[in-house]
Amino acid sequence: MKQYKLITAVLILFLALSELQAQVSNTVSNVKISQAIEGKPVKFSVSLYPVPGISEVVLAYKPYDESIFEYFDMELLGDSAIYTLSGDYVRTPLFSYYLSIEFETGVVETYPLGIPETAVPLEVTVRAPSVKDSEIIVLSPAPGEKVAINDMFISVSMIKASEDVDIGATKLYLGDVDITQYALFAGDLILFYAENFPDAVSLGDKSLKVEVFNKNGEPYHTVNSDFTVLTSTELAEAQKQFITNGSIEAESRNQSYNDQSTWFNNLSVNLKNTYDDLRLNAKVYVTSEEKADRQPRNRFRGEVQYQDWLSAEFGDTYPKLPTYILNGKRVRGVSGFINLGFFNIEATYGQVRRSIEGTIIEKYNRLNAPLASNVIAIDSARYGDPFAAVNFGTYDRQLFALRPSFGAGEIFQWGFTYLHGKDDPNSIDFGSRPRENVVLGTDMKLNLDERRIQLRTQASVSLINDDISSGDITDEQIDSLFSGDGSSSFGSDKDQFVTLKDIASTFITVNQYIGPLNPEELSSLAAEAELQLNYFNNRIRGSYIYRGNQYESFGQDFMVTDRKGINISDRIRMIDNQVFFTVSYESLEDNLQNTLLSTTKYDNLNTSVSYFPRIDFPAITLSYKNRTRQNDIAPTDTVNNIFMIDDVTSTILAKLSYDFIAGVKHNTNFSISNIGFEDESISDLDQTFVTASLNVSSFWNRDLNSTVGFTSYSSTAGDQDYSYFLLSLGASYRLLDDKLNLNLNINPSFGDFKRNGFDFTAQYALMQNLSAIFQLRYYSMPDLNTTNSVAGLRLRYTL
Amino acid sequence: MKIIKQVFFFTLFIGIALAFTAGNFHDDQTPVALVKKIVKDVQYKSADETDWEAAKMGEPLMDGGEVKTGFQSLALVLFTDGSGLLRVRENSILNIYGEKSKRAMNKNTFIQEGVVGFEVNKQSEDEEFKFTTPTMVASIRGTEGVIDGDQNKVLCESGLIELAALIGQKETGVLTGGNAAQVTEDGQLKIYEMTDAEKQQLQQTKQITIKKIRVETEDGTLEVEYYEEEE
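All values reported here derive from a predicted model rather than from experimental measurement.

The rules we used
- Counting restarts for each chain, with residues numbered from 1 along the sequence as it is written.
- To label them, take the chains in the order written and letter them from A, then take the ligands in the order written and number them from 1.
- The model is predicted, so local features are restricted to residues of pLDDT at least 70 and side-chain atom pairs to those at 80 or more, both for listing and for counting; the totals for chains, interfaces and linings are taken over all residues.
- Side-chain metrics rest on all non-hydrogen atoms present in the structure, leaving aside hydrogens and water.
- A run of DSSP states H or I qualifies as a helix once it reaches four residues; a run of E qualifies as a strand once it reaches two. Both are numbered from the N-terminal end.
- Exposure is judged per residue with a 1.4 Å probe applied to protein chains only, and the accessible area is read against the type maximum: over 50% gives exposed, under 20% gives buried, and values in between give partly exposed.
- Contacts were defined at the residue level, with two residues in contact if any of their heavy atoms lie within 4.5 Å.
- Note on areas: Shrake-Rupley, 1.4 Å probe, and residue coverage restricted to the protein chains presented here.
- Two strands pair under a simple rule: DSSP has to find at least two bridges between them.
- The axes used here are C-alpha line fits, helices contributing only the stretch in contact, and every angle between their N-to-C directions lies in the interval 0 to 180 degrees.
- Computed with a 1.4 Å rolling probe, the buried area is the accessible surface lost when two parts are put together, summed over both parts.
- A pair is scored as a salt bridge if a Lys or Arg side-chain nitrogen falls within 4 Å of a carboxyl oxygen belonging to Asp or Glu.
- Amino acid classes used here: Ala, Val, Leu, Ile, Met, Phe, Trp, Tyr, Cys and Pro are nonpolar; Asp, Glu, Lys and Arg are charged; the rest, including Gly, are polar.
- Here the nonpolar core consists of buried residues drawn from Ala, Val, Leu, Ile, Met, Phe, Trp, Tyr and Cys, with membership extended through side-chain atoms lying within 4.5 Å.
- Grid points spaced at 1 Å over the protein atoms alone were grouped into cavities, where a 1.4 Å probe fits but cannot get out, and pockets, open sets with protein on both sides within 12 Å along at least five of seven lines, with lining residues defined by an atom within 4 Å of a point.
- Grid points are joined across faces, edges and corners, and a volume is the space filled by probe spheres set on the points.
- Patch criteria: residues need more than 30% relative accessible area and no salt bridge. Like-charged residues are merged within 9 Å; nonpolar side chains of Val, Leu, Ile, Met, Phe, Trp and Tyr are merged within 5 Å.
- We count Lys and Arg on the positive side and Asp and Glu on the negative side, and we leave His and both chain ends out.
- A single reference atom marks each charge: NZ on Lys, CZ on Arg, CG on Asp, CD on Glu.
- In this scheme Phe, Tyr and Trp rings, the latter by its six-membered ring, pair at centre separations within 6.5 Å, and the angle between planes marks the pair as stacked below 30 degrees, edge-to-face above 60, and tilted otherwise.
- Along the chain, pLDDT gives the predictor's confidence residue by residue, from 0 to 100.
- The directions from the helix axis to the C-beta atoms are what the arc is built from.

Once that is clear, we can look at the overall build of chain A. When helices and strands are counted, chain A shows six helices and 49 strands. Counting across all 799 residues of chain A, residues that qualify as buried make up 44%. When contacts within chain A are restricted to residue pairs at least 6 apart in sequence, those whose partners lie at least 24 apart make up 57%. Of the roughly 39,200 Å² that chain A leaves accessible, carbon and sulfur atoms contribute 56%.

A word on the sheet that holds strand β18 (residues 189-193) of chain B. All names here are of chain B. Read from one edge to the other, the open sheet built from nine strands follows the order β4-β1-β6-β7-β10-β13-β14-β17-β18, with strand pairing classed as antiparallel. With one partner strand each, in any of the chains shown, β4 (59-61) and β18 form the two edges of the open sheet. On average, adjacent strands in this sheet sit at an angle of 20 degrees to one another, irrespective of strand direction. Note that strand β17 (residues 179-183) and β18 share five bridges and pair antiparallel. Directly across from Gln182, in β18, lies its bridge partner Lys190. Its contacts with the sheet place helix α2 (residues 196-206) against β7 (84-88), β10 (115-120), β13 (143-148), β14 (153-158), β17 and β18, and it is angled at close to 75 degrees to β14.

For the rest of this paragraph, the subject is the interface of chain B and chain A. Taken together, the contact between chain B and chain A spans 23 residues of the former and 24 residues of the latter. Counting the surface lost from both chain B and chain A, the interface buries some 1,900 Å², and carbon and sulfur atoms represent 55% of this. Looking at the side of chain B facing chain A, the largest losses of area belong to Lys36, Met57 and Arg103 of chain B, adding up to 31% of the total buried there. Here chain B and chain A share three salt bridges between them. The closest approach of N and O atoms between Lys160 of chain A and Glu127 of chain B, which form a salt bridge, is 2.8 Å. Looking at the side of chain B that touches chain A, the elements that each hand over two or more residues are β1 (33-39), β4 and β6 (74-79) of chain B. Sort the elements by how many residues they give to the side of chain B that touches chain A and β1 of chain B lands first, with three residues. Considered class by class, the residues forming the side of chain B that touches chain A number eight nonpolar, five polar and ten charged.

Among the nonpolar cores identified, the biggest contains 36 residues, and Leu86, Ile96, Phe131, Ile161 and Leu163 of chain B are the most heavily contacted of them. Among the nonpolar cores identified, the runner-up in size contains 27 residues, and Leu76, Tyr83, Tyr89 and Leu99 of chain A belong to it.

Here we take up empty space enclosed by the protein. All names here are of chain A. All told, the structure shown has four cavities of 30 Å³ or more when counted by the stated rule. Looking at the second largest cavity, the residues that line it are Tyr71, Phe72, Asp73, Asn327, Gly328, Lys329, Gly555, Gln556, Asp557 and Phe558. Partitioned by chemical class, the residues of the lining of the second largest cavity number three nonpolar, four polar and three charged.

Judged by side-chain charge, Glu678, Glu680, Asp684 and Asp686 of chain A come together as a negatively charged surface patch. Its place among the elements puts Asp684 of chain A in the loop between β41 (664-679) and β42 (687-699).

Residue and element names in this part refer to chain A. Evaluation of the coordinates by the stated rule reveals 30 aromatic pairs over all chains. Ring centres 6.4 Å apart and planes at 80 degrees place the aromatic pair Tyr61 and Tyr89 in the edge-to-face group. Note that Tyr61 is positioned in strand β3 (residues 54-63) and Tyr89 in the loop between β6 (80-85) and β7 (94-103), a separation of 28 residues in sequence. Here Tyr61 and Tyr89 have matching classes, each one buried. Ring centres of Phe72 and Tyr83 lie 5.2 Å apart, and the angle between their planes is 25 degrees; this geometry places the pair in the stacked category. On the criterion of sequence distance, the pair formed by Phe72 in strand β4 (residues 70-73) and Tyr83 in strand β6 is long-range, its members being eleven residues apart. With respect to burial, Phe72 and Tyr83 carry one shared label: buried.

Residue and element names in this part refer to chain A. For the peptide bond that leads from Tyr111 to Pro112, omega is 0 degrees, which places it in the cis range. Take Pro112: it is sitting in the loop between β8 (108-111) and β9 (122-125). Omega for the bond connecting Gly515 with Pro516 falls within 30 degrees of zero, at 10 degrees, which places this linkage in the cis form. Turning to its location among the elements, Pro516 is positioned in the loop between β33 (514-515) and β34 (525-535). Of note in this structure, Asp684 is not a glycine but carries a positive phi near 50 degrees. The exposure class of Asp684 is partly exposed, given its relative accessible area of 48%.

Right, let's get into the confidence of the model for chain A. Taken as a whole, chain A shows an average pLDDT of 85; of its residues, 92% reach a score of 70 or greater. Of the regions scoring below 50 in pLDDT, residues 1-23 of chain A engages in 28 contacts with residues more than four places distant in sequence or in other chains.

Oppositely charged side chains can form a pair if their charged atoms are brought close together. Residues and elements named next belong to chain A. Going through the model one piece at a time under the given rule, you end up with 35 salt bridges over all chains. Linking Glu249 and Arg796 is a salt bridge whose minimum nitrogen-to-oxygen distance equals 2.7 Å. Of the two residues, Glu249 is situated in strand β19 (residues 243-257) and Arg796 in strand β49 (residues 786-798); the sequence distance between them amounts to 547 residues. For Arg796, a relative accessible area of 30% translates into the label partly exposed. When the shortest N-O distance is used, the salt bridge between Asp316 and Arg332 registers 2.9 Å. Placement of Asp316 in strand β23 (residues 310-317) and of Arg332 in strand β24 (residues 331-339) is noted, with a sequence separation of 16 residues between them. If you follow the salt bridges from partner to partner, you end up with Glu249, Glu251, Arg253, Arg794 and Arg796 in one network.

Here we come to the sheet that holds strand β9 (residues 104-113) of chain B. The nine strands are arranged β3-β2-β5-β8-β9-β11-β12-β15-β16 (chain B) in an open sheet whose pairing can be described as mixed. The outermost strands of the open sheet, each flanked by one partner alone, are β3 (53-54) and β16 (172-176) of chain B.

This part covers the pairing of β14 of chain B. Walk down a regular strand and you will see the side chains alternate between the two sheet faces. Residues and elements named next belong to chain B. Two elements, β13 and β14, share five bridges in a ladder whose sense is antiparallel. Counterpart to Asp148 in the pairing with β14 is Lys153. Counting the residues between successive antiparallel strands, the hairpin from β13 to β14 contains four residues, one of them, Asn152, with a positive phi of roughly 50 degrees. Of the strand pairs in this sheet, β14 and β17 are connected by four bridges, and their pairing is antiparallel. Bridge pairing in β17 links Leu155 to Ala180.

Time to look at α2 of chain B. Residue and element names in this part refer to chain B. The complete set of buried residues in α2 reads Glu198, Gln201, Leu202, Thr205 and Lys206. Summarising the axial view, the buried residues of α2 lie within an arc of 145 degrees, below the 170-degree limit, and thus occupy one face. For α2, the exposed residues set more than 90 degrees away from the buried face come down to Asp196, Ala197 and Gln200. In the core, the buried residues of α2 are packed alongside β7, β10, β13, β14, β17 and β18.

Now for the environment of Glu75 of chain A. Residues and elements named next belong to chain A. The topology assignment puts Glu75 in strand β5 (residues 75-77). On the basis of relative accessibility, which here comes to 13%, the residue Glu75 falls in the buried class. Residues Glu75 and Arg299, 224 residues apart in the sequence, show an inter-C-alpha distance of 9.5 Å. Non-local contacts of Glu75, meaning those with residues more than four positions away in its chain, are made with Ser80, Ala81, Ile82, Lys283, Arg299, Arg301 and Tyr318.

What follows concerns the confidence of the model for chain B. When the pLDDT values of chain B are averaged, the result is 79; 77% of them are 70 or greater. Contacts for the low-pLDDT stretch residues 13-27 of chain B, under 50 throughout, to residues beyond four places or in other chains number zero contacts.

Moving on, we get to the environment of Glu128 of chain B. All names here are of chain B. Within the fold, Glu128 resides in the loop between β10 and β11 (129-132). Using a relative accessible area of 37% as the deciding quantity, one classes Glu128 as partly exposed. For Glu128 and Asn106, which are 22 residues apart along the polypeptide, the C-alpha to C-alpha distance reads 4.6 Å. The contacts of Glu128, once residues within four sequence positions are left out, are Met105, Asn106, Lys107 and Gln123.

A word on the pairing of strand β28 (residues 387-391) of chain A. Residues and elements named next belong to chain A. As judged from the five bridges shared by strand β26 (residues 359-364) and β28, these two strands associate in the antiparallel manner. From the neighbouring strand, Ile360 faces β28, where its bridge partner is Val390. Across three bridges, the pairing between strand β27 (residues 375-377) and β28 is antiparallel. Within β28, the residue paired with Val375 across the bridge is Ala389.

A separate point is the side chain of Ser157 of chain A. Counting through the fold element by element, Ser157 of chain A comes out in strand β12 (residues 153-157). With relative accessibility at 0%, the residue Ser157 of chain A sits in the buried group. Look past the residues within four positions of Ser157 of chain A in its chain and what remains in contact with it is Glu135, Ile136, Ile137, Leu139, Asp188 and Leu189 of chain A together with Thr80 and Asp81 of chain B.

Rendered as structure tokens:
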């Protein structure tokens, strides 16, 4: 029996370890990331497996030249989570990301599994804006332009194109229709007049694609531009009438997970209206996942915007003020801005957390009530007993933020931000320690010499009260702290104290739980300053950050505090923007207020070189990173040496991507990385991770494309090896005059982590603006005897 | 007679050679500009033609092409290297010249008469963007403004314009955003801060859409046309 227990324990341990080490997930099916181009927004779309109880998905993101991740709440919609990252964050040559998936039980899982202990974040290559983008110019129609069909003409200029380009081989597509045969090639200009070929152009939204080839017949570049074709009457009407676009989507799906079957039903409505410069948008998302005992899953949003200077949003808004204070957190209420240029104001008010009542676990009388942190006094008249052990609930939390600023921001802007957040102690019966927070901040940006010099600064201080249930400190309590002559043993004057309390209590509850307790040590200050210089093909950035250990803002849940240090980086463009060399160095340390046992220093050196050739040769990125962490505890300190940190992580990465034609066009991506973790502490937990992957996407014809991918992963930790091999096969096929679109992906894995999975979707256009999408996902893990699936149907109606 | 023949053949030879050379210069038949938008009466003619033709949307304008706008008319002209656009106001006549070398194009717009608004992107070091009137030359590096050929005046909304008078004292100067310049009869260049009227003219030049208001009266329908400001 003892032996059986031991084997079982070893098996469980092994399986648990396997789960941690695998760079795969039981929560995330796949992550789609739009093409990452420097300065352009990047959209993350996460497909989730049928796992119940997911309450939040957070994107952790870090540019290559920084070491601290920034965190963004993703929008949960059905079985997917989406977030569009601002182009300001997207820099060459790479970015790292991972996902943090939070469950209602409080459990947090990462994707890939096991970050940061046993796995590393994923890396995505960021392409520099291609010089080719400026070589091929769509002169007309302009992007987003509305044109009358009688006056419509397409004009593409190749005047700036490289001499390698074969202009005569250029292909023009309007949607999926090849209109090259109707185009007129006039020197370096391509012209198409709709008037001459009325059958070639229909009314509606159009997407123009210009495929450019070099003189060897190989793809050189592709440019896309969207516009709308209307009748002359429609165009005239469009300028004076409401234009309504939108979609209605209804979904019903069944998820089966570990023999637990659940139905989910969602309905979403998106409406966009424009009238001249006025934009009215509305979004409603209603789901059966909305429950009173969890944070809201339904979403409602209305938006009114006039030109670029006036905006008001209602419902679930995601306001962004200076990042240290309010960074895209969901606020259910009102947000808006008025931008007059010389003076602007942004404001938001609403609920960031709704109240969820706690639950009674066990009731006690006065005699048998144990002393425990979750045993509280309850209303005996209502519940029968005076005490109970409870699961604490969540207080309703309201937030208000205001940011007046001066200057349009093109050259200069100086802003001031005030944020106040407060829990409502009366919102629930069973709660613990309602809190209150005030943050004051200022930020400035300055752009000089046509933005070649950019200065950004922000600084904020916070006040936090960790328990406002007892309200403000009373005059009697103050009296008790002071002797009869008004002095106290801690050297304060009573009248001065009362005056300060009266002033402060108009902003925040003042009692013994207010902090910081050591403001003179700047413990609640968070500040950063960044200077960027763009000269001589160099982009040099230097920044300094300081984040005190007690800094906290209710509008920013994810900031890493207790850090200070510098970051210096340089990106050099060479050989006519074909080669990019990046080097960055960051040095940080914690324990700013001497609240930790020892101070840990973090040094990061990142270097990379990227080659984006304009010839038939693979694009290459090579990168080397070295991260060291070291604190001042010596191995000989027998009392504290278990807290010793002294390690080096070295990462070598190579990525290659290559487009070639072998019968048809293929796009290949290959990457290999080696991560070595050398632990010099007494734990001596050296680890090595090696990952290699190859993906080939093939475009067989306009209807069929396929992908084949391989990933090999192996790790060594001490004397334990772990490895698996992941195969990914996918195909997409359009048929029935494009009415039916089929997608199939099969993802088995072999080795120490075994899993079979496939994902099938079929989209059928029932009418021009009504489509049905059937989705079937299935995966099983034979070793864990687990089989899970999801089957759903979605109807989408476009207005 | 022999001499006449020799002169004739020599002239013919030179003529053919020149034509051949000129043909080589015009081998690149890339239009310099396009007519992007037309309001009412806009005509054009190529350099080697004498008759005006009604322009249509997308009309390509070759080197030396001429554009003419009539009463209450307007043409929006787009340069094919993506360098900018012209708003040719009513009763204007201009010639557009472009010389392409490798991946650059030097542009010169000769304003015979009338008013032209312009939006010009930043030019690369090896490119020129010039406006010429009978009295001055304006070199543009990336700016917005108006050239008023009738009043020998330049309004600069933003950016920088290098100016040179072509008559009299042939003064030169640099015009910056918010200022105006006028060439006097004796070739002096007067630079001054834009007046309110000139600022209004600058804005009016941007209006490219004509809208109509119909007013029903006892005597019939009165139509009022006005320009709508560009978005």
